[in-house]
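# Per-entry structural report
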Amino acid sequence: MKQYKQKLLIGVTAGMIGMGFVGGGTFAFFSDTETTQNSFVSGTLDLELQSPDKSGELDISLEDIKPGDKETYFINLHNAGSLTFRDVLLTSSYSINDKNKDNIKANFADHILVKITNKDSDEVLSEYIPISELKDVILTEGQVSESTTQLQFDFWFKDNGGDQNMFQGDELKFDLIFHASQEEAE
């Protein structure tokens with residue numbers, strides 16, 4: 001009989017536990033859920049070079065130059081992105097076509113110099129420097145979105161007071177490379 005009571009007690013207990021699960025699942029309670037709509041959008045870094053007269057012409061071309069000649073060009077640096085520039089650096093690359101193959105020890109790019117001035121502040125960014133040495137000149141710092149900085153480039157075929165006949169008919173091809181960097185992260 002004792003075994004019978006134990007079996008009955010176990011059966012009743014198991015039944016109550018099962019009913020508890022069924023009944024527990026049917027209890028109603030209040031709840032509330034909220035959701036936020038999130039996104040991350042990266043900013044843009046967009047340096048545009050513009051001609052002051054809006055013609056779009058930015059190519060610098062000097063023909064029939066001789067020692068002593070100077071020519072001035074203007075270029076606008078426009079921040080068309082949404083981020084502030086930490087800085088804009090200027091570097092050049094160049095090649096020379098030595099028409100008469102007589103530039104044995106002379107580099108035509110050493111005799112073409114450029115002076116760069118920020119026209120907004122009249123600050124001279126580089127005194128006359130040879131195209132061959134134009135590297136990492138800081139043109140602007142902290143330029144904010146949608147702002148423009150006007151630069152003046154004064155090119156000079158330096159007259160060294162000596163014989164420069166070896167440069168007659170030579171051609172200097174050069175690229176001005178403008179590199180904008182983002183400001184530091186906060």
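These remarks concern the structure in this document. No experiment lies behind these values; they were computed from the predicted model shown. (Residues numbered from 1 in each chain as written. Predicted model: local features only at pLDDT ≥ 70, side-chain atom pairs only at ≥ 80, totals over all residues. Heavy atoms only, no water.)

### A look at the overall build of the chain
Which entries qualify depends on this criterion: Secondary structure follows DSSP: runs of H or I at least 4 residues long count as helices, runs of E at least 2 residues long count as strands, and numbering of each begins at the N terminus. Think of it in three bands: residues with accessible area under 20% of the maximum for their type are buried, residues over 50% are exposed, and the middle band is partly exposed, with areas taken using a 1.4 Å probe on protein chains only. By definition in these notes, contact holds between two residues if any of their heavy atoms fall within 4.5 Å. Here, Shrake-Rupley sampling with a 1.4 Å probe gives the accessible areas, and only protein chains in the shown set may cover a residue.
Check the secondary structure of the chain and you find one helix and eight strands. Ordered by position from N to C terminus, the α and β elements of the chain give α-β-β-β-β-β-β-β-β. Counting the 186 residues in the chain, one finds 28% classified as buried. Sequence-distant contacts, at least 24 apart, represent 79% of the contacts inside the chain between residues at least 6 apart. Carbon and sulfur atoms form 52% of the exposed surface of the chain, whose accessible area is close to 13,200 Å².

### Focus: the sheet that holds strand E5 (residues 123–130)
Rules: Pairing between two strands is assigned when DSSP locates at least 2 bridges connecting them. Axis lines are fitted to C-alpha atoms, over the contacting stretch for helices. Their N-to-C directions set the angle, which ranges from 0 to 180 degrees.
The five strands are arranged E1-E2-E7-E4-E5 in an open sheet whose pairing can be described as antiparallel. The two strands at the open ends of the sheet, each matched to only one other strand, are strand E1 (47–50) and E5. Put simply, the sheet's adjacent strands are angled 20 degrees from each other on average, direction ignored. Examined bridge by bridge, strand E4 (residues 112–118) and E5 share five bridges and lie antiparallel to one another. Residue pairing in the sheet places Val 114 in a bridge with Ile 129 of E5.

### Quick notes on unusual backbone geometry
With a phi close to 55 degrees, Asp 64 is a non-glycine residue in the positive phi region. Among the secondary structure elements, Asp 64 is positioned in the loop between E1 and strand E2 (70–79). Phi at Lys 101 is positive, roughly 55 degrees, even though this residue is not glycine. If you trace the backbone, Lys 101 turns up in the loop between strand E3 (85–97) and E4.

### A closer look at the nonpolar core
Note the following rule: Here, nonpolar core refers to any group of buried Ala, Val, Leu, Ile, Met, Phe, Trp, Tyr and Cys residues whose side-chain atoms link them within 4.5 Å.
Ranked by internal contacts, the top residues of the largest apolar core, which has 25 residues, are Leu 90, Val 114, Ile 116, Leu 139, Phe 153 and Phe 178. Breaking this core down by element, the ones donating at least two residues are E2, E3, E4, E5, strand E6 (137–141), strand E7 (148–157) and strand E8 (171–182). When residues of this core are assigned to their parent elements, the largest contribution, four residues, is made by E7. Setting aside residues no more than four positions away along its own chain, Phe 153 makes contact with Glu 71, Thr 72, Tyr 73, Ile 75, Leu 90, Val 114, Lys 115, Ile 116, Leu 176 and Phe 178.

### Digging into the pattern of salt bridges
Which entries qualify depends on this criterion: Salt bridge, as applied in this entry: a Lys or Arg side-chain nitrogen positioned within 4 Å of an Asp or Glu carboxyl oxygen.
According to the stated counting rule, one finds four salt bridges in the structure shown. The partner of Arg 86 in a salt bridge is Asp 87, and the shortest N-O contact between them spans 3.5 Å. For Arg 86, the salt bridge goes to Glu 184, with nearest N and O atoms at 3.2 Å. Residue Arg 86 is located in strand E3, and its partner Glu 184 is located in the segment after E8; the two are separated by 98 residues in the primary sequence. For Glu 184, a relative accessible area of 58% gives the class exposed.

### Some details on the packing of aromatic side chains
Filter applied, for reference: Any Phe, Tyr or Trp ring, taking Trp's six-membered ring, that has another such ring centre within 6.5 Å forms a pair; planes under 30 degrees apart are called stacked, those over 60 apart edge-to-face, and the others tilted.
Taken as a whole and judged by the stated rule, the model has eight aromatic pairs. Considering the side-chain rings of Tyr 128 and Trp 156, the 5.1 Å spacing of their centres and the 65 degrees angle between planes classify their relative orientation as edge-to-face. Taken together, the positions of Tyr 128 in strand E5 and Trp 156 in strand E7 put the pair 28 residues apart, joining distant regions of the chain. Under the relative-accessibility criterion, Trp 156 is labelled partly exposed at 21%. Between Phe 157 and Phe 167, the ring centres sit 6.4 Å apart and the planes meet at 65 degrees, which makes this aromatic pair edge-to-face. With Phe 157 in strand E7 and Phe 167 in the loop between E7 and E8, this pair connects stretches of sequence that are ten residues apart. As far as burial versus exposure is concerned, Phe 157 and Phe 167 are alike and both buried.

Interpretation in functional terms is not warranted from these geometric data alone.
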